Amino acid sequence: MLRISVEEFSIWKKKQLSKGGDQQSFAVLLDCIGGISTSDLQLISINPEGNLHLKQDLEFLESIWNEHLLKSCPIQYLCGITFWRDLKLKVSNKVLIPRPETELIIDIVCNLFKKKSDKLIFAELGTGSGAISIALALAYPFSEGVATDIDQDALEIATKNYLNSSKQSNLKFYCGNWWSPLESFKGKLDLAISNPPYIPKDTYEKLPKEVKNFEPKVALFGGEDGLKHIREIIQKAPLFLKEKGWLILENHFDQGETVKQLLIKNKFTSIEIVNDLSGIGRFTIGKI
Ligand SMILES: C[S@@+](CC[C@H](N)C(=O)[O-])C[C@H]1O[C@@H](n2cnc3c(N)ncnc32)[C@H](O)[C@@H]1O
């Protein structure tokens, strides 16, 4: 640990932020590499005379910050870590950085299934870093979860994240195209969740470079109209869900109404478009 005065640290921090970037990314760098958490930072303002203990020196932290600014590489990839709900997850450029808005999926599930002792059988299609499935497996300790992805590298990261986050063994990982690894779960699922790739072609081409140049295309690109994967997931969902089983999908900001129509066409009921915290119809849910 390296001791540094709060005064020296504050001057250094101001200089780094004056070069560009945002507070949130800087906080990730300080926490993941520097060992200074957000609550440590709050204490600084209360005790400006004190000292801080850093895991890495300021020069090293500055070199990562400079690389982030120069290449527009997401700080989470440079640090290899991200925070999502109360989880600390490994990430690499093989997985999408789980977004804050996706955190709401867990609250939607908790509203639908109120008893934490429920023996839910759930599947997450396209798990990436494993964020959603791990949070659910922890929230419902008696559940049996399966998380799938087409990318074996992503599944390796998700498996590591699960082992780091949980002492339980109620989550399994399978590789394959959407429903194909789940044949043995036909008619058995209480719940299926997916945040599939849903960005339409035109929008994908215009994504900010920190997304387009670094995050996996397979995690983002949803075909010409963005709905290629959502259609496939909805069409086969009734085969895998139990009677009264729920499907929860994340979609692009303007896809809610179309996803709702797809659910109606495939005999879902109790369909609802759920807004994210910015008031955007980000999730569409339905019961079979
Ligand atoms: C938008 S990311 C979501 C990742 C994670 N669930 C999250 O919310 O952060 C979509 C995920 O779907 C996976 N995927 C893409 N095409 C797939 C397919 N045909 N079958 C299964 N998974 C697929 C990607 O590899 C990626 O991990």
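None of the values given here were measured: they were computed from a predicted structure. Positions within a chain are numbered from 1, following the residues in the order the chain's sequence is written. This being a predicted model, a pLDDT of at least 70 is required before a residue's local features are given, and a value of 80 or more before pairs of side-chain atoms are given or counted; all residues contribute to the totals for chains, interfaces and linings.

Structural notes on the overall build of the chain
Here is step 1 of the chain: Numbering of helices and strands runs from the N terminus, with a helix taken as a DSSP run of H or I at least four residues long and a strand as a DSSP run of E at least two residues long. On a plain count of helices and strands, the chain comes out with 13 helices and 11 strands.
Here is step 2 of the chain: For this measure, only C-alpha atoms enter the radius of gyration; the expected value for a globule follows 2.2 Å times N^0.38, where N is the number of residues. Against the compact-globule benchmark of 19 Å for 288 residues, the chain has a radius of gyration of 21 Å, which places it among compact chains.
Here is step 3 of the chain: Over its C-alpha atoms, taken along the principal directions, the chain stretches across nearly 65 × 45 × 35 Å.
Here is step 4 of the chain: Split into buried and exposed, the 288 residues of the chain put 39% on the buried side. To assign burial, the other C-beta atoms lying within 10 Å of each residue's own C-beta are counted, with C-beta atoms placed from the backbone; 20 or more indicates buried, 12 or fewer indicates exposed, and intermediate counts indicate partly exposed.

Brief notes about the site of the ligand
Here is step 1 of the chain: In the vicinity of the ligand, 23 residues are found, and the nearest of them are Pro 98, Gly 126, Gly 128, Ile 150 and Asn 195.
Here is step 2 of the chain: Looking at the shell around the ligand, the elements with two or more residues in it are helix H7 (131-139), strand S6 (144-149) and helix H11 (217-220).
Here is step 3 of the chain: In this classification, the charged set is Asp, Glu, Lys and Arg, the nonpolar set is Ala, Val, Leu, Ile, Met, Phe, Trp, Tyr, Cys and Pro, and all remaining amino acids, among them Gly, are polar. Looking at the shell around the ligand residue by residue, the class counts come to 13 nonpolar, eight polar and two charged. Any residue whose C-beta atom, as placed from the backbone, lies within 6 Å of a molecule or strand is termed near it.

Remarks on the environment of Leu 89
Here is step 1 of the chain: Structurally, Leu 89 can be placed in strand S4 (residues 87-90).
Here is step 2 of the chain: For Leu 89, a count of 27 C-beta atoms within 10 Å puts it in the buried group.
Here is step 3 of the chain: A C-alpha to C-alpha distance of 19 Å links Leu 89 and Ile 64, two positions 25 residues apart in sequence.
Here is step 4 of the chain: Throughout, a pair of residues is in contact if the C-beta atoms placed from their backbones lie within 7 Å. In this structure, Leu 89 is in contact with Ile 81, Thr 82, Trp 84, Pro 98, Ser 129, Ala 131 and Asn 161, ignoring residues within four places of it in sequence.

Focus: H7
Here is step 1 of the chain: Counted residue by residue, H7 has eight buried out of nine residues, so it is predominantly covered.
Here is step 2 of the chain: For H7, the complete set of buried residues consists of Ala 131, Ile 132, Ser 133, Ile 134, Ala 135, Leu 136, Ala 137 and Leu 138.

Remarks on the sheet that holds S6
Here is step 1 of the chain: For two strands to be treated as a pair, DSSP must find no fewer than two bridges joining them. Sheet architecture is open: seven strands sit in the order S7-S6-S5-S8-S9-S11-S10, paired in mixed fashion. Whereas interior strands pair on both sides, the edge strands pair on one side only; in this sheet they are strand S7 (171-175) and strand S10 (269-275). Put simply, the sheet's adjacent strands are angled 15° from each other on average, direction ignored.
Here is step 2 of the chain: Helix axes use the C-alpha atoms of the stretch in contact, all axes being lines fitted to C-alpha atoms, and the angles between their N-to-C directions lie in the range 0 to 180 degrees. Packed onto the sheet, helix H6 (residues 104-112) meets strand S8 (189-194), strand S9 (241-250), S10 and strand S11 (281-287) and runs at close to 155° relative to S9.
Here is step 3 of the chain: Against the sheet, helix H13 (residues 256-265) engages S9, S10 and S11, with an angle of about 10° to S11.

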